[in-house]
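# Architecture at a glance
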Amino acid sequence: MQVEEQVEVLAAVFRCDRKAAELLRRVLVPQQVGAKQILARQGEASHHCWLIVDGCVAVQTFGIDGQRQQLARHGPGEFFGAYPAPTTHRAEIEVLVESCLLRAEAQSLAALVAGDAQIGAGMAWLLARQLDRALDRMATRSTYSAAGRVYSELLALADGRDHIVPAPQVTTLALSANTTRETASRAIAVLIRRGIVSREDGQMQIHAPRMLADMVV
């Protein structure tokens, strides 16, 4: 990532001026990570936090029975990791697709947030927005059917577009929707059979977004 691009990204995410974005750039270092890479493992010491510029990561935990469960998924503009102080990773963080991240040492970023009013306000806004998204996802899990949760995840991945690139894996969708792989597979099959979505050239095309939204029940 070029310096100018990094400054523009930080100014947009933190809603701050160029001077504040330049300060952030000194502690947030670009990191390109390939798909399926494990960024952090459950139980390891955690000294860093990340901001996603492009891509997607999944936060997954393993129970005492070895069962994997997805706790959260983070996309562009979202923040995760240790903050404001070092801690222990509560879950495994897996990069789902090739991603561009900005990584900072937790205490260095916290000191910057505490010392600059613009950056502090920007971090508060960033975390408040993220909390709102998390509450939306929790509400989805408790009020929708299993298939409805799968369809809700597809709409979230599309983010207003008529396609999802790359096409989501059924296993990943099932984890995100807190359901079984078989249920997620059947839900996708219904969409394909009705012509609402199709898989083409490694991506999922959404032909009828309104019909898809109507199935989120």
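The structure we're discussing is the one just above.
Residues numbered from 1 in each chain as written. Predicted model: local features only at pLDDT ≥ 70, side-chain atom pairs only at ≥ 80, totals over all residues. Heavy atoms only, no water.

### Some points on the pairing of strand β8 (residues 92-105)
Of all 14 residues making up β8, ten are buried, and the element is well covered by its neighbours. The sheet contact formed by strand β1 (residues 29-33) and β8 spans five bridges and is antiparallel. Residue V29 lies in a different strand from β8, and its bridge partner there is R103. Bridging between strand β2 (residues 38-40) and β8 involves two bridges; their strand directions are antiparallel. Residue A40 lies in a different strand from β8, and its bridge partner there is I93. Pairing analysis gives eleven bridges linking strand β4 (residues 48-62) to β8, with the strands arranged antiparallel. Bridging from a neighbouring strand, Q60 pairs with E92 of β8. (Buried < 20%, exposed > 50% of the residue type's maximum accessible area, 1.4 Å probe, protein only. Helix = DSSP H or I, 4+ residues; strand = E, 2+ residues; numbered from the N terminus. Pairing = 2+ DSSP bridges.)

### Brief notes about the sheet that holds strand β11 (residues 203-206)
Pairing is antiparallel in the open sheet, where three strands are placed in the order β9-β11-β10. In the strand order of this sheet, the two ends are held by β9 (163-164) and β10 (197-200), each with one partner. Where β9 lies against β11, two bridges are found, and the strand directions are antiparallel. Within β11, the residue paired with I164 across the bridge is M204.

### Description of the packing of helix α5 (residues 146-158) against helix α7 (residues 181-193)
Relative placement of two packed helices is described by the angle separating their axes and the distance separating the axes. Two elements in contact, α5 and α7, have axes separated by 9 Å at closest approach and are oriented at 65 degrees. When the interaxial angle is binned, α5 and α7 end up roughly perpendicular. Note that α5 runs across α7; the crossing there is right-handed. Where α5 abuts α7, its residues A146, A147, V150, Y151 and L154 lie against T183, A184, A187, I188, V190 and L191. Taken together, the residues that form the contact of α5 with α7 break down as ten nonpolar, one polar and no charged. (Axes fitted to C-alpha atoms, helices over the stretch in contact; angles between N-to-C directions. Parallel < 35°, antiparallel > 145°, perpendicular 65-115°, else oblique. Left-handed = near helix turned anticlockwise from the far one by under 90°. Contact = heavy atoms within 4.5 Å. Nonpolar A, V, L, I, M, F, W, Y, C, P; charged D, E, K, R; others polar.)

### Concerning the layout of surface pockets
By volume, the largest pocket is sized at about 1200 Å³. What lines the largest pocket is a set of 39 residues, and nearest its centre among them are C56, R73, R137, A156 and L157. Among the elements of the structure, β4, β5 (68-74), β8, α4 (117-143), α5, β9 and α6 (170-176) are those that each provide at least two residues to the lining of the largest pocket. Ranked by residues supplied to the lining of the largest pocket, first place goes to α4 with eight residues. Looking at the second largest pocket, its volume works out to about 630 Å³. (1 Å grid on protein atoms, 1.4 Å probe; cavity = no way out; pocket = protein on both sides within 12 Å on 5 of 7 lines; lining within 4 Å. Points joined across faces, edges and corners; volume = space filled by probe spheres on them.)

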